[in-house]
Amino acid sequence: MMGVKLKSVVKKEELKLLACNLAGINLWMFDECLSHGNNYLDTVSLIIPSPKNNASISLSNVFLHLESMKKINVEDRQKAILDYWLILRSEERIVFNQLLCGVFKLKISFDELVEAFAVWTGIEKGVIGIRLSKWIPTKSTLRELRIPVLESEKKALPEAFIDYKDWSVDVKSNYVPTNFKARWAMDGLEIQVVKVNDEVYVWGLNQKLLFNRFPEIEGIILSLPDNFIISGTMVGWNKEGADKVILQQRESKRQVTTKVMTDFPIRFFVSEFLHINVDASDIEKPGKLNRDLFFKLLDDPSSLCIQNDTIDFNSWDQLDNYQNINRLKGSLGLELFSPNNLGDSLIQPIRFLKRNDSHTLLLILLYVKLGVYSSDRGGEEYTFGVKHNAAWLPITRVSELLLEEDRLFIHEFVKQNTIEKFGPVRNIIPALVFEVSFTSIFRNERKKAGVELMNATVNCRHQHLSIEDAHQLKDVMNLFSEPRV
Amino acid sequence: MALIELTKQGLYCAQADMYIDPWKSVPKALITHAHSDHARGGNGLYVAHEHCIPLLDLRLGKINSQGVKYGESIHYNGVQISFHPAGHVPGSSQIRLAYKGEVWVISGDYKLEDDGVCAPFESVKCHSFISESTFGLPIYRWKDQVDVFSEINRWWKQNAADGIVSVIMAYSLGKAQRILKHLDQEIGSVIVHPVMGAMNAAVRNFTPDLPADLIWHKDLTVSNYRNALLIVPPNSAQTMLEMFHPCSISFASGWMNFRGGKYQMSAERGFTLSDHADWEGLNKAIDASGAEQVFITHGFTKPYVKWLREQGKDAHELETLFNSHMESEE
């Protein structure tokens, strides 16, 4: 379940010959079956006659036997495989054959495993994450997963993440600007990196251990002394700066290989640096000093870690002005925080997110994903796009509309104007014009339009506008020449 | 000239002037079973097993028909015609035609396993055997139905315990009655689609031990659906999802033998349950017929004919319009 594959014991072709012999069929018939069944090892498993006596065999026994099968001669190995086939049911044979060929994997993510074991053991998720990250299939036991939480494990857990509060006009009237510091809030993955017991743990929100997701950052931090936590934001990176699309593409990869690291580079915007178990003297010298020390110690020639420096300001107007002029590419907005709170768990910290001004475009509704399908009930999605020559190209997707009446209108519209169905998704006749806001725009070659809008929200539907009034791809592309986007 | 030939209207016995499961309107038709790809409307006379007649009436409206018992012989212009159990669905038959010592058997659709609802398959000796091959590849080997129904009942029981409505998509004639018969009625009530309700009522006339069901109608309340299992036709999945939440949708079909089958049918669970013979069943039936020549229709005809020839059989492909890639659907 951890995604660790065993080494192959036999080649697929050897299994095919063995299965065809057992089933009494020629190889052409196997190929015929394969062309209908699609999967090679499923086909091997299904063509073998059903077992006369099904016996219960534990998976651990199979594991042990597989190890020994590698060392025996071909005839004995084939006899051992046939013995298994004659007692396993077809669905068991699929697993067995995949194990034999070293391709067995379960589509269970590390996070799902952690969630499941946390419920089963009653131990907090973070601790289960730590234990599973060190799991060795052939040596670890389930008992080890259930032992009481160790002190060393507690030290490896992250601090609580502090949610952003929304910025509003009231904040200006209720708070004194000089009590706050500001820095850019990046549009990426908020994380905490804990270095303890010569191990590095990268944590996301809700004690989600990001196991083996950012090996390049873990490698850099592993060389530093023990007992600290760094907080910050992981962002995707291109030549021009932070890029949300790159991070999303990287997150979609099952394993982070060297190629993935090269193709989808990242940067770690470091905000805070805390010692674990801070004593009184550490509280006296909070964040800035320790963070400087961190960057001094850091042997990071490729500059994968970037200092997210604080911005000084004396008035709210000055801050507004700064944000509009210096807007950092790939940022959500400015994060405001009280520096007095740094490193002090006794005072309830406050963080505000002052979002960057959004841009708006008039876009056409192209696809609607209906929300009554399987587990996605309620999960509606609306895909908006633009016209380019004679084609309609999607450029962003939102999951919520502002008005219920718009939602109902669209549902009625879909019934009468569907061009094509793809499962729960309906491709509709381009006719409805919406005003869509977004905070940033990225080039994305994987999209037909070559661009993608981020953090899009629907402002309203323009009933009296036609598709001719909406923006076209060339208008969207022109936004790249505006420095603030 | 052979006793049976293939014409534009379907399989034809010129001597008796009768067609077998014709796909165009003809004056006289011998019908193997009441599925829509074998029994079409517009024929002058329908001759079928006596249990098939009420099902034909239900599907086609009032028709001019003649019911025959299993094993009973009728004669048309010197041709001896008899119907023999095919084990496919209620009222299904193999049709035997004999003339001057030459015997042909048209299997229609069939399965060898006794499903407990329809009369079990009986092998009939013949010179020429026309067999279906819906699942004529060695990847299709069915589990014992006892195991399949244990799986279905376990799934239903777990759903009931979790407060989830269970829905099984199945074909209205055959699969629906077979599932109904083998469900553990202690778990909860069984609700069926109105089309199936009518079919069940017709089948119950000659199969009185078919368990009772509740026919789905708009006035059913939440209490009716508690712990319930619904049997619905395959095209009702979307409606079920809109009506019941949470619900778990499954599909019972031979095509579920593949892991990908359930995804193709938008189902969470797939139960491999078919009313057609599997690979071993087809081979057994053909061997048992003792036929000198075998004609293979709908399904994997090409590879299956090639396989039979490798086994020394005089096998031929027969291109018919019977439904080849879905199990005969209502």
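Please read these numbers as outputs of a predicted model, since none were measured by experiment. (Residues numbered from 1 in each chain as written. Chains lettered and ligands numbered in written order. Predicted model: local features only at pLDDT ≥ 70, side-chain atom pairs only at ≥ 80, totals over all residues.)

What follows concerns the overall build of chain B. Helix and strand counts for chain B stand at 9 helices and 19 strands. Within chain B, the fraction of its 330 residues that count as buried is 50%. A sequence separation of at least 24 residues applies to 57% of the contacts in chain B between residues at least 6 apart. (Helix = DSSP H or I, 4+ residues; strand = E, 2+ residues; numbered from the N terminus. Buried ≥ 20, exposed ≤ 12 C-beta atoms within 10 Å, placed from the backbone. Contact = placed C-beta atoms within 7 Å.)

A word on the overall build of chain A. Across its full length, chain A holds 19 helices and 20 strands. When the 485 residues of chain A are sorted by exposure, 30% land in the buried category. For chain A, contacts bridging at least 24 residues in sequence account for 68% of all contacts bridging at least 6.

Glancing now at the sheet that holds strand β1 (residues 165–166) of chain A. Residues and elements named next belong to chain A. Read from one edge to the other, the open sheet built from 4 strands follows the order β1-β11-β10-β2, with strand pairing classed as mixed. Strands at the two margins of the open sheet, each flanked by one partner only, are β1 and β2 (181–186). With 5 bridges joining them, strand β10 (residues 331–337) and strand β11 (residues 351–355) adopt antiparallel strand pairing. The residue bridging L334 from the neighbouring strand is K354, located in β11. (Pairing = 2+ DSSP bridges.)

Every contact between the two is made by 18 residues of chain A and, on the other side, 14 residues of chain B. At 5 residues, the largest contribution of residues to the side of chain A that touches chain B is made by helix α2 (residues 27–37) of chain A. Partitioned by chemical class, the residues of the side of chain A that touches chain B number 9 nonpolar, 6 polar and 3 charged. (Nonpolar A, V, L, I, M, F, W, Y, C, P; charged D, E, K, R; others polar.)

A few words now on the packing of helix α7 (residues 110–121) of chain A against helix α8 (residues 125–133) of chain A. Residue and element names in this part refer to chain A. It is at 9 Å that the axes of α7 and α8 come closest, and there the two elements cross at 115°. Seen from above, α7 lies across α8 with right-handed handedness. Contacts between α7 and α8 involve L113, V114, E115, F117, A118 and T121 from the former and K125, I128, G129 and L132 from the latter. Among the residues forming the contact of α7 with α8, the class breakdown is 6 nonpolar, 2 polar and 2 charged. (Axes fitted to C-alpha atoms, helices over the stretch in contact; angles between N-to-C directions. Left-handed = near helix turned anticlockwise from the far one by under 90°.)

Residue and element names in this part refer to chain A. Only one face of strand β16 (residues 425–428) is covered, namely the face carrying R426 and I428; the face carrying V425 and N427 is uncovered. Pairing between strand β12 (residues 359–369) and β16: 3 bridges, direction antiparallel. Considered in β16, the bridge of K369 is made with V425. By the bridge criterion, 4 bridges tie strand β15 (residues 418–422) to β16 in an arrangement that is antiparallel. Within β16, the position partnered with K421 by the bridge is R426.

This paragraph deals with the pairing of strand β18 (residues 293–299) of chain B. With 6 of 7 residues buried, β18(B) is to be regarded as a mostly interior element. The handedness of the β18(B) to strand β19 (residues 314–317) of chain B crossover, carried by helix α9 (residues 301–310) of chain B, is right-handed. (Right-handed = clockwise from strand over helix to strand, strands pointing away.)

Residue and element names in this part refer to chain B. An order of β1-β2-β3-β4-β5-β6 is seen for the 6 strands of this open sheet, with the pairing classed as mixed. Among the strands making up the open sheet, the edge pair consists of β1 (5–6) and β6 (65–68). Pairing of strand β5 (residues 45–49) with β6 involves 4 bridges; the strand directions are parallel. Each bridged residue has a counterpart across the sheet, and for H49 the counterpart in β6 is V68. Of the strands in this sheet, β5 and β6 touch helix α1 (residues 52–60), which is tilted by about 135° from β5.

So, about the confidence of the model for chain A. Low pLDDT means the predicted atomic positions in that stretch should not be read closely. All names here are of chain A. With 88% of its residues at a pLDDT of at least 70, chain A reaches an overall mean of 84. For chain A, per-element mean pLDDT is lowest for helix α15 (residues 280–284), which scores 43, and highest for strand β4 (residues 199–204), which scores 95. For the stretch residues 280–287, pLDDT sits under 50, and the model shows 12 contacts to residues farther than four places along the chain or on other chains. (pLDDT = per-residue confidence, 0-100.)

All names here are of chain B. Residues of α1 that are buried include every one of C52, I53, P54, L55, L56 and R59, and no others. Buried-residue contacts for α1 involve β5, β6 and α4 (194–204). After α1 finishes, the residue G61 shows a positive phi value of roughly 85°.

Residue and element names in this part refer to chain A. Despite not being glycine, N197 has its phi angle at roughly 50°, a positive value. Within the secondary structure layout, N197 lies in the loop between β3 (189–196) and β4. Of note in the backbone geometry, N389 takes a positive phi value of approximately 50° without being a glycine. Mapped onto the fold, N389 is located in the loop between β13 (381–388) and β14 (391–398).

Ranked by internal contacts, the top residues of the largest apolar core, which has 117 residues, are I47(A), I31(B), L56(B), M169(B), A176(B), L230(B) and I231(B). Among residues more than four places away in sequence, those in contact with A176(B) are A170(B), Y171(B), V192(B), M196(B), M199(B), N200(B) and I231(B). M186(A), V200(A), I221(A) and M234(A) belong to the second-largest nonpolar core, a separate cluster that totals 49 residues. (Core = buried A, V, L, I, M, F, W, Y, C linked by C-beta atoms within 7 Å.)

Once that is clear, we can look at the environment of K79(A). Note on placement: K79(A) falls in helix α5 (residues 74–85). Along the chain, K79(A) and L18(A) lie 61 residues apart, while their C-alpha atoms are 9.7 Å from each other.

Moving on to α2(A). Along α2(A), the residues classified as buried are M29(A), F30(A), E32(A), C33(A) and G37(A). On an axial view of α2(A), the arc spanned by its buried residues comes to 160°, and they lie on one face. For α2(A), the exposed residues lying more than 90 degrees away from the buried face are L27(A), D31(A) and S35(A). On its buried side, α2(A) packs onto α1 (12–23) and α3 (40–47) of chain A together with α9 of chain B. (Arc of directions from axis to C-beta.)

Now for the environment of D37(B). Mapping D37(B) onto the fold places it in the loop between β4 (28–30) and β5. Along the primary structure D37(B) and L321(B) are separated by 284 residues, whereas in three dimensions their C-alpha atoms are 7.7 Å apart.

All names here are of chain B. Of the residues in chain B, 95% reach a pLDDT of 70 or more, and the chain-wide mean stands at 91. Counted against residues more than four places away or in other chains, residues 325–330, with its pLDDT under 50, gives 19 contacts. Reported confidence for the predicted complex is 0.91 by ipTM and 0.66 by pTM.

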